[in-house]
Amino acid sequence: MNITLKKALEYYQNKEFDSSKKICIEILDNDPKNFDANNLLAAIFFQNSEYLNAIKFFKNAITINPKIPDLYNNLSIAFCQIKKFDEALASWNKAIRIKPDYAEAYFGKGNIYSIFKDYDKAIDNYYKAIQINKNFKQAYNNLGNIYFLNKKFKKSLENFVLASNIKPVNEIEINNQ
């Protein structure tokens, strides 16, 4: 990573997004295929809730290096922000093809299926996430919510308890029990 890009990253980490963005744009003017500048610019746009621009630059980064599952995860999350759920699912599926043990991608898919009220698929994906990461608190919590909505109170309680046993515990999780 060159000095200019390091400065852009430093600005980003200090939440000086405009300064970071300016540097990334200058880099990309000279080198449109600069992976790091595309990825950082996508993150900046995401932080600024400019999701269409974030999607554009995540896609640019993916074109440059299509083997990084986190890029597909970030792209999926950006798609969700603009309610493009089918695109989000497709992107999470690509992440899983690259990294079959990517718990966050299964979790994201579970969230989409939950939004679609396809609870069987949501449950399957949350359980896949938990098989990969036994301490995936939010996956247990979301299972608890789905079972509660479907009046399966015993299973709901079991999952809320499992979630609450994973540290740290916050007030919201305590109240879910």
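See the structure printed just above.
All values reported here derive from a predicted model rather than from experimental measurement.

1. Some words on a positive patch on the surface
Together, Lys59, Lys84, Lys94 and Arg97 make up a region of like positive charge exposed at the surface. For Arg97, a relative accessible area of 60% corresponds to the exposed category.

2. As for the environment of Lys15
Of note, Lys15 is situated in the loop between helix 1 (3-13) and helix 2 (17-30). Along the sequence, Lys15 and Gln47 sit 32 residues apart, while their C-alpha atoms lie 9.1 Å from each other.

3. Considerations on the side chain of Asn159
In this structure, Asn159 sits in helix 10 (residues 153-164). Residue Asn159 is classed as buried on the basis of its relative accessible area of 4%. A polar side-chain atom of Asn159 sits 2.9 Å from the main-chain carbonyl oxygen of Lys155. Excluding residues within four positions of it along the chain, Asn159 makes contact with Tyr127, Tyr140, Leu143, Gly144 and Tyr147.

4. Details of the packing of aromatic side chains
Any aromatic ring pair is given by two values, namely how distant the centres are and how the planes are angled relative to each other. Here the structure, examined in full by the defined rule, presents seven aromatic pairs. Judged by centre distance (5.4 Å) and plane angle (55 degrees), the ring pair of Tyr12 and Phe17 falls under tilted. Like Tyr12, the residue Phe17 is buried in the burial classification. On the basis of an interplanar angle of 85 degrees and a centroid distance of 6.1 Å, the ring pair of Phe85 and Phe116 is categorised as edge-to-face. In this pair, Phe85 is assigned in helix 6 (residues 85-98) and Phe116 in the loop between helix 7 (103-115) and helix 8 (119-132), connecting sequence segments 31 residues apart. In this structure Phe116 comes out as partly exposed when scored by relative accessible area, which is 39%. The structure contains a cluster of three or more aromatic residues connected by ring pairs, namely Phe107, Tyr126 and Phe136. The side chain of Lys7 reaches across the aromatic face of Tyr11, ending 4.9 Å from its centre.

Analysis parameters
Residues numbered from 1 in each chain as written. Predicted model: local features only at pLDDT ≥ 70, side-chain atom pairs only at ≥ 80, totals over all residues. Heavy atoms only, no water. Patch = residues over 30% accessible without salt bridge, like charges linked within 9 Å, V, L, I, M, F, W, Y side chains within 5 Å. Areas by Shrake-Rupley, 256 points an atom, 1.4 Å probe, with all protein chains shown as cover. Salt bridge = Lys/Arg side-chain N within 4 Å of Asp/Glu carboxyl O. Lys, Arg positive; Asp, Glu negative; His and termini not counted. Charge placed at Lys NZ, Arg CZ, Asp CG, Glu CD. Buried < 20%, exposed > 50% of the residue type's maximum accessible area, 1.4 Å probe, protein only. Helix = DSSP H or I, 4+ residues; strand = E, 2+ residues; numbered from the N terminus. Polar contact = N/O pair within 3.5 Å; in protein donor to acceptor, adjacent residues only side chain to side chain. Contact = heavy atoms within 4.5 Å. Phe/Tyr/Trp six-rings, centres within 6.5 Å; stacked < 30°, edge-to-face > 60°. Lys NZ or Arg CZ within 6 Å of the ring centre and 35° of its normal.

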